[in-house]
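Working through the structure, step by step
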Amino acid sequence: MSEVVYEETATMIAAGELQSFVPFGREHCRNHPNAFNLQLRELQPASELWSSDGAAGLVGSLQEVSLQERERECWQLRKGCMGVREQDMEFEEELYTAGTVVVWSQGSRPQASNVYKAFTVDSPVQQALWCNFAVPQNKKDEEELEQTVCIVQSSCINVHTVTGKDFISPLPFQVSNVWATKFGLLLERKNTATDTQISAPGEPLPTVFSMLHPLDEIAPVVCKPAGVFEGSHVQYASDPTMKIVFSCCQPSVVVSYDTVKGIHSVWALRKVTPDEHSSVLRCTADPVGTPMGLMASGFLTSHLRNISRLDSPGGSGAAGLGPAAGTSCAVGTGSPLHYSVLHSHQSRMTSSPGLHSRVHSPSISNMAALSRAHSPGMATPSFSGAARFNASFHSLSPRGHHGSLPSPNSTVNETVLVPEMEPIVPDLCMEQLWSETVTAGGHREMSSQASKVFLTSDLCENRYLCFLVESHQQLRCVKFIESNDSSQLIFASVTTIPAKDAEPLQNIDAMLVLEACGSLVLYTGITRVSKVFVPGLLSPTFSLTNHLPHRSTPVENVSTPANAGGRHLQRLDEAAMPSPVTELRGPNIKYHEASFLDDCTFQQATPYIHALRDPVCNRVTLELSSGTMLRISVPEIATSELVRKCLQAIRFILPKEAAMKVLVKWYNIYNAPGGPSAHAEWNLFVTCFMTLMGYNTERLTWTRNLHFEVPLSPVIAAKKARPSDGGSDEDWDYLLGSHYHRQMNSQPLCGPVDSSGSNNTLIAETEGLSSASSPSSPSLKLDSSAPLFPHIPALFYVLHLLYQELQLDELQRARASSLVCLLQQLARDLQLEDYVDLYWRDYPSLISGFNESCLIDQAVFGQMQRPSYLRPEPPCVLGWLCCCLRGEEVPPFPYLPGICQRTRLLVLSYALYIAGDENATSTDASKYLIKLSAGQKSRASEQHFRRQSSVKVQLSTGSLAEQLVVWLTSEGFTLKDLESVPFGVALPIREAIYCCREQPCSDWSEEVCLLIGRQDLTKQAHKMTLAKSKASVGSGLSLEPPATTEPDEEEDGMSDIIQEVTGLIWSQDLRVQEVRRLLQSSRPVRVSVVQLPEVSDHEYIEEKENKLLQLCQRTMALPVGRGLFTLFSYHPVPTEPLPVPKLNLTGRAPPRNTMVDLNSGNIDVPPNMTSWPSFHNGVAAGLKIAPASQVDSAWIAYNKPKSPELANEYAGFLMALGLNGHLTKLATLNIHDYLTKGHEMTSIGLLLGVSSAKLGTMDMSITRLLSIHIPALLPPTSTELDVPHNVQVAAVIGIGLVYQGTGHRHNAEVLLSEIGRPPGPEMEYCTDRESYSLAAGLALGMVCLGHGSNLIGMTDLNVPEQLYQYMVGGHRRAQAGANRERHKSPSYQIKEGDTINVDVTCPGATLALAMIYLKTNNRSIADWLKPPDTWFLLDFIKPEFLLLRTLARCIIMWDEILPNTEWVKSNIPQIMRGTFDPSEDINMETMAQAQDYITAGACMALGLRFAGSANSDAFDCLYEFARTFMKIMSFAGTAAVTGYYNLQTGLSMILLAMSMVMSGTGNLKVLQLCRFFHKRTGGEMNYGFHMAHHMALGLLFLGGGRYTLSTSNSAIAALLCALYPHFPAHSTDNRYHLQALRHLAVLAAEPRLLVPVDVDSLKPCYALLEVTYKETKWYDETTVELMAPTMLPELHLLKRVKVKGPRYWELSVDLSKETQHLKSILSRDGVLYVKLRAGQLPYKDDPQGWKSLLASTVNHRNSGVRAFKPEAISTFTSEPALVSFAEFFCKPSEGMKHREDTLVLFSAMLYECVTQECPEMLPTYIAIEQAVGALRRGDLQQTFPLWQMRLVVELWDSRGLQGPANHHNALLTSEFLIVMKNMVDVALDGWLKDNSSVLRSYMRGEALPKDAQSTVLACFLVYRSIPCLRNTHTHLEGCGSLGDLLSRSSRLGIPLRDLLRLLPLLLGSASGPQTLQGFPLQPF
């Protein structure tokens, strides 16, 4: 009896941690305010709620609510996945739905959960589910997953993403079910009754639809059924009998059920291929013949695509009501079609009398629906998508829901009328993979729809798709495998398991099955493991056999298992357990729908398990019949890492059946009720495993001792868990009969043994015991019938490889000592001497204690399968690595894929880095590794275990070190892993990392930088990856502007300049404050006028106001400069409007500070004087916004001012948003909205802004927008629109911007003719013609920018000739093309005749030529532009035009511009430079003006050529000319000849040219000039000159010193528009040039400031840069040093940029490969992270470098260590670990007096690490010191540290052999290593001298010594790498000569160095002991 009970308990396992389960959402909903209120509102009319007796109503409704909620609640659980890696966090997520509330909560158990999100919607929730949508990223095919919750209501689906986006997708039909798939949602349409009638004759309507993203359209799914004949037949999934029952993402499959045939099918879900796509569309487009057929295909083609005309407001005539408006029913009343019309509308409208004659329009007209669909406020994708599947085949709910659009009232019949629409494209295809076979001889009823479907896998990685068929009480498991291309699944056999319910347990590869009798059984795949015993819950088998006594059991107690009441519940009824008789399966019980327990004659009292639900990982919920729920967890297969690894190895090598047996057996033993505690797990495993191999573990001494760890009695352990006091007699009987009891009697009792096994007590005991049972006793035979007996050799080998793997991981190595006991036993019994020797060498003190071996009969020895891979010489991974370091040929090392990952990683790393085989990691891996295959593993398993990292491996062509580092990262190897690699093994990897750290690649990924320990690069890469994923985040650097508190500062709009950076660039003075003072326009100006005695008060006031008016000319011009100064310096807060400083035009008069105002009426003020200045003010404010900030359409509209006088400012703001690229986010609707207002400024700002934002894109919608404003681009017959002139100018420039550089022919042709547009009749085009012509010229130049003579397809236009004619004059050509009609009648105001008016057309034409031929060096065109060389001709040209021509000519001949005065003067014609013949009549004025203007033009060209370069030659040259001009101005005589205005113009141009060259540098000389001009306000200094001077100031400090100018073609074009040399005379002057264009200079700005930021403090700092220029024809490749923060030159000129040492880690950015990396750094505030080297101080604290740690050691090499004070460490390194080390290990404290030497040693190590820049070597140094110390003291227990020392020495030697050249990058350059090596040698040599006999006896193969000698002997053998000489002692002993010895030893592979140590021993043994003394040891 007792025997059986033992067996039964063994095959029963106990479930762990039982707790009652209540969905968390239910609790939360009780307190959720919204749920009730919403429902109250729906339950009762409002009047009732607020009536006097409302209280009663309220209570009533509350009760209703809670009832309704309890009915409709449902929830689902899943494994939590946060950003944290899976292994770190285990928690559950619950999605709970009740009524209208959905609660998403997270937590490990209900008591510890928290709400993550709660949603309340308007109508009852039908379903809530999680779904991941794939959002396609930019151009590439990569997709980003967006995690969402989808809430399905009757009329729409709300989708809420984790990132906070919300979508509402209206449903065009009623949905019966929604499924989450890999691609998005699958929707099943509800089949209505009308459905079948509509579609009876033709094709049925689709039933399954997909939605790939909430914004996508809902599209039908196509399916591809598996058929013999119709292989390619693809059709819409429209079978109404097909119901989906399950969907899954990985693999992507769907399971469906056929309601008619009762068959389940599996379909693969995938994207549609193009040919399926076309075949579906083709087959539906063919009319089927009958009109009904046509209707059906029409339904798919057009009806799904709804009437697209509704989309455009100005569509065809009847669009207002939809095409159905006037159509009568086309089909007779009897037809089924009409019937459906009737049905669909009756549910919507209660009465409709005229239904038969015409179709009614619904209650809301379509136009209303349409307008709503167009309003941006509502998140519906598009009208067509919403109303796509119309009410014709399904009716909406009668009470319309406000989120859904009423469908347009079109019924199916009109599809017959509009068949020409294109169909909806299907996105997904379901391809049938498998379906059930119908059971033969239909004696069984048809199986019902599966109530549960899930995927599970078994312990041997077979995968099953299981579905539970409740009608048959069956679980059907279909095994499937993935074929080679993982898209295809192959389904194999079907197995049925009797089950009432089942759930998978994901992470223990098992499933829990509830059998019909009510007991829980655990299966792995289809293998039954055991019953599951739930403590505190009786198995129904007990309660049914003796149910009468249990009647009284209180039921309530069950839900709290802690106090399970009644002692009956605790009784394990042994008698009842094994009896199968009483199970419920009576013959007479049919499988009815009713729960079949109810058919029993009695009602049960004890609650039993009724269903299972919500499995997560290894937890599952049991639903009890009493309605309570319990959550249990099923234990894992192993908790100890070692056991888990062994099981993996066993599973890997054994055939599947055998493996399954072992695993199931182990699972049962380990998890028996009251199983072992964790620390006994290994002992239990060894016992179980050896028993299965046929050992009698009771007889082997060491295994026998294992049993006393823990009692194996199931009952005792179970009792511990229960606070119960009443026992019973049966318990005692059970105990006496138990296995445990017999065991106790048969054995002597030993004290518990420490399981690590390495202590000496064990050895003592084992020795004592082993004498009792001598090894020869016959009882130690192996049982050859044991299941694992044949596999012993294979199992031994895989466990040996696992042992080698554990040696390579410091964290696992302790476990290796446990494993070695098992291995040595197997090795002895398999008679593998070498293996035993290897184990002895590793653990000498441990192994010498074991000496038992079990005999294996020779007869059965043959039954063992000796696998081919089991070699007699044992694979030793450390030995392999040693050989590799010595450079010997190495055989490939065996490894287990997926299990020995560390072995694989390190072997390949050594092969790559030490052996230098570049292909080791890719193609040649098999040279170094041999994969063990059990013949049954697919490759999938290996992939399964690898930690994939996001790094793509590009095989870099870099050094070996670089390749190694990149490869390790791609394998997912991190610094944390490196720390667990033993120090000797890790050294080469550390060395490679050290090499890479010195010279890293700039484009490495974040992970690689982390591995090499360069935080600066990691941070940089981190920023990079951030930018790739989210463009919206601004650089999160601490470069935030300081919060200014002074009230006067915050208003000037310049407080956002980053002080930290400007303070570093200009640290010596306050020039930035000075610029702010010069450019501020928000404070009143100081009007100081002295009142002369003769001036009356009234006149004095007028005088003051006149003076103020002059000053205001300056104030109004300031914003243009301020916009450039504060460019892109501000990130707006989305909730606040942009602060715009006001333009203050008042003054204060000293001494009494009285107000002076222009509006007092004393003087005449020009009208509209402030309109343009306030526009500029708006632009300046808007330009502060950085391109990287988050700006959206709503925020732009939010900034719209309330008062109309600020409209101009807002117009400027819009233009600025265009210039920084944000205007593209403005909705088209808003753009039209702004334009229709007809406000001139707004139109100008908007048109220029939008065009700048779409620069060079040829965007069609913007083109349309611009064309409306340009009469020439409209068709000739169109209505004449009255567009203001300035708006036309802006639109023309807009065309130029949008088509920049495209060479678009039509636009070029129109613009060419517009340059010479004649004035029309009726005052058209008569004012400000110059600016229009100029704009057309500039636009033409931009369209053909830099194309030169290669203008494709424009030769017939003769562009250059036409432009030349515009420039020099001549007869007007006849207007060609569309505009001929317009220009027939001449102007009534201007008489021009038929010649070209050069005054109007010349500037535009000149600049157009300049831009078309920009940088082309086309001499023939340039010669056209030469100034005339006779006085006569000179008189005919305006001097201004000379400036333009010179400028144009110079920038065409770009490469000839030289930065010196000679070149500038060479542009002046010869006749002016010579000596003048006084007889000639020379007009001095003409000459002077011509000379000055030509000079100014040349200077301007010089400025453009060297813009942003800070070229000192160019600057000096320009500065000289500026001084010359100022000198001329200061002499009244000369100034009068030229004219003050002309000189001032020239000077302004030269000043602008200077600031272009010095742009962004803040040069002081230029600043002084600007300040000088700022002060001059009187006389001829008009608004335009002030604008020029302050623009120069703005350019000088562009973007607060972060930006500078580019010289790309596009930038030159922008600068030509912005700096056009004719400045406005007053603030309303736009005659020659539109003022708004001045701001286009922004388009030429580019960020080129590099700001080094210290990665530790995150503060900007100084760093030395080395910048290398590429060679050009002007100079060779040169290298300059700059102190950053600094402006970089233009990137295309550079070869590389490098951060130079010695202060900071070097970092090189190579620009010859690609500039994108550096560009993205510069665009994000130019932040370049740098890291201080240890022992260095930043430049700010130590400019000369005298305070650094190394400076003190320069004079005395060794004094450094002595002078080093550990306290000083914190100044040189910020690493907390090093600082703490210095604190605790290097400072002498009270108790440490006697350890002085240790402290000194530690300080020396620390000093070494810090100065050598390798702090991570500190642990290695300490480990070496510890190992050597232990060896000298002789207390080493294992030889592992010496293995590591050996590897270190080998590496050091191999590096030494390569010569001293390589030593500088080796890590171990110190003397420390030599000292340590010497100590080891001395210790071992000393031992050898005394104990040579021990070594001799070992070499002769005698028994191993027992005493402490064995440990040192093993250390000696390991360190001297002497192979196992058991069988080879004859070789080495008795050599006659040294040569003989060398030749023999080379065969054994003993290194020479080590052989020499043995010489005295070996040679001495030959010639007797006396020669030993005489042998000179000294030379060696």
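The text that follows walks through the structure, step by step, so that each part is easy to find. Everything numeric in this text was worked out from a predicted model, so none of it was measured.

For the rest of this paragraph, the subject is helix α28 (residues 877-886). Across the ten residues that make up α28, a large majority, eight, are buried. For α28, the complete set of buried residues consists of Val877, Leu878, Gly879, Trp880, Leu881, Cys882, Cys884 and Leu885. Among the structural elements, α23 (792-807), β32 (893-895), α29 (901-913), α30 (925-928), α34 (983-998) and α68 (1840-1857) are those in contact with the buried residues of α28. Looking one or two places after α28, you find Gly887, whose phi comes out positive at around 80°.

Attention now moves to the pattern of salt bridges. Summed over all chains, the structure comprises 47 salt bridges. For Glu1074, the salt bridge is made with Arg1077, and the minimal N-O distance between the two is 2.7 Å. Of this pair, Glu1074 and Arg1077 both sit in helix α38 (residues 1071-1079), three residues apart, which is roughly one turn of that helix. Owing to a relative accessible area of 17%, Glu1074 belongs among the buried residues under this scheme. Each member of the salt-bridge network shares a partner with another, and the members are Lys224, Arg270, Glu276 and Glu431.

If you walk across this open sheet you meet the four strands as β2-β31-β30-β29, and the pairing is antiparallel. A single partner strand is all that each edge strand has here, and the edge strands are β2 (16-20) and β29 (609-616). Each neighbouring strand pair of the sheet contributes to a mean axis angle of 25°, computed without reference to strand direction.

The geometry of helix α59 (residues 1540-1557) relative to helix α60 (residues 1564-1575) is characterised by a closest axis approach of 10 Å and an angle of 145° between their N-to-C directions. By crossing handedness, the relation of α59 to α60 is classed as left-handed. Here Gln1544, Leu1547, Leu1551, Met1554 and Ser1555 of α59 lie close against α60, whose contacting residues are Val1566, Leu1569, Cys1570 and Phe1573. Within the contact of α59 with α60, the residues separate by chemical class into seven nonpolar, two polar and no charged.

Moving on to a negative patch on the surface. A cluster of acidic side chains, namely Glu1462, Asp1513, Asp1516 and Glu1520, defines a negative patch on the protein surface. In terms of residues, the negative patch owes the most to one element, helix α57 (residues 1512-1530), which gives three residues. Summarising the element assignment, Glu1520 is placed in helix α57.

Attention now moves to the environment of Cys1924. With respect to the element layout, Cys1924 can be found in the loop between α71 (1909-1919) and α72 (1929-1932). Classification of Cys1924 by relative accessible area gives partly exposed; the value is 23%. Separated by 1051 residues in the primary sequence, Cys1924 and Glu873 have C-alpha atoms spaced 9.3 Å apart.

Tracing the backbone shows Glu188 in strand β12 (residues 185-189). Within the buried core, Glu188 has no salt-bridge partner, and the shortest N-O distance to an opposite charge, that of Lys243, equals 5.0 Å. Within the local environment of Glu188, its side chain forms a polar contact with the side chain of Trp179, the two groups lying 3.1 Å apart. Not counting the four nearest positions on each side in its chain, Glu188 is found in contact with Gln174, Val175, Ser176, Asn177, Trp179, Thr207, Met242, Lys243 and Ile244.

Quick look at the sheet that holds strand β44 (residues 1707-1710) now. Sheet strands pair by backbone hydrogen bonding; their relative direction is either parallel or antiparallel. Here four strands make up an open sheet; going across it, the order is β41-β40-β43-β44 and the pairing antiparallel. The two strands at the open ends of the sheet, each matched to only one other strand, are β41 (1679-1684) and β44. The average undirected angle you get between the axes of adjacent strands in this sheet is 20°. The sheet contact formed by strand β40 (residues 1663-1669) and β41 spans six bridges and is antiparallel. Each bridged residue has a counterpart across the sheet, and for Thr1668 the counterpart in β41 is Thr1679.

Here the focus is a nonpolar patch on the surface. Taken together, Phe1432, Leu1433 and Phe1436 make up a surface patch of nonpolar side chains, about 370 Å² in accessible area. You can see Phe1436 is positioned in the loop between α52 (1431-1434) and α53 (1439-1452). Given a relative accessible area of 60%, Phe1436 falls into the exposed group.

On to the packing of aromatic side chains. Evaluated as defined, the whole model comprises 35 aromatic pairs. Taking the centre distance of 4.6 Å and the plane angle of 35° together, the rings of Phe173 and Phe209 count as tilted. Pair noted here: Phe173 is in the loop between β10 (166-170) and β11 (175-180) and Phe209 is in strand β13 (residues 208-211), with a separation of 36 residues, a long-range link. For the pair Phe173 and Phe209, a shared accessibility class is recorded, and that class is buried. With a centroid separation of 5.5 Å and an interplanar angle of 90°, the aromatic rings of Trp666 and Phe685 are classed as edge-to-face. Of this pair, Trp666 sits in helix α16 (residues 656-670) while Phe685 sits in helix α17 (residues 681-693); the two residues are 19 residues apart in sequence, bridging distant segments of the chain.

Going through the model one piece at a time under the given rule, you end up with zero disulfides. With no disulfide of its own, Cys996 has Cys995 as its nearest cysteine by sulfur position, at a separation of 6.5 Å. The exposure class assigned to Cys996 is buried, which follows from its relative accessible area of 2%.

Turning our attention to the nonpolar core. By size, the foremost hydrophobic cluster in this structure holds 228 residues, and its most contacted members are Leu512, Leu520, Leu522, Trp666, Phe796, Leu822 and Leu1718. With eleven residues, α23 is the single largest residue contributor to this core. Excluding its chain neighbours within four sequence positions, the residues that come into contact with Leu520 are Leu512, Val513, Leu514, Ser530, Lys531, Val532, Val534, Ile609, Leu612, Leu622 and Ile632. Of all hydrophobic cores here, the second largest spans 209 residues; its members include Phe1175, Ala1405, Leu1414 and Ile1550.

So, on to the pairing of strand β20 (residues 428-435). In terms of burial, β20 is largely enclosed, as six of its eight residues are buried. As paired elements, strand β15 (residues 222-224) and β20 share three bridges and run parallel to each other. Within the sheet, the bridge partner assigned to Cys223 lies in β20 and is Met430. The pairing of strand β19 (residues 263-271) with β20 spans seven bridges and is antiparallel. In the strand pairing of β20, Trp267 is matched with Gln432.

Calculation criteria
Residues numbered from 1 in each chain as written. Predicted model: local features only at pLDDT ≥ 70, side-chain atom pairs only at ≥ 80, totals over all residues. Heavy atoms only, no water. Buried < 20%, exposed > 50% of the residue type's maximum accessible area, 1.4 Å probe, protein only. Helix = DSSP H or I, 4+ residues; strand = E, 2+ residues; numbered from the N terminus. Contact = heavy atoms within 4.5 Å. Salt bridge = Lys/Arg side-chain N within 4 Å of Asp/Glu carboxyl O. Pairing = 2+ DSSP bridges. Axes fitted to C-alpha atoms, helices over the stretch in contact; angles between N-to-C directions. Left-handed = near helix turned anticlockwise from the far one by under 90°. Nonpolar A, V, L, I, M, F, W, Y, C, P; charged D, E, K, R; others polar. Patch = residues over 30% accessible without salt bridge, like charges linked within 9 Å, V, L, I, M, F, W, Y side chains within 5 Å. Areas by Shrake-Rupley, 256 points an atom, 1.4 Å probe, with all protein chains shown as cover. Lys, Arg positive; Asp, Glu negative; His and termini not counted. Charge placed at Lys NZ, Arg CZ, Asp CG, Glu CD. Polar contact = N/O pair within 3.5 Å; in protein donor to acceptor, adjacent residues only side chain to side chain. Phe/Tyr/Trp six-rings, centres within 6.5 Å; stacked < 30°, edge-to-face > 60°. Disulfide = S-S within 2.5 Å. Core = buried A, V, L, I, M, F, W, Y, C linked by side-chain atoms within 4.5 Å.

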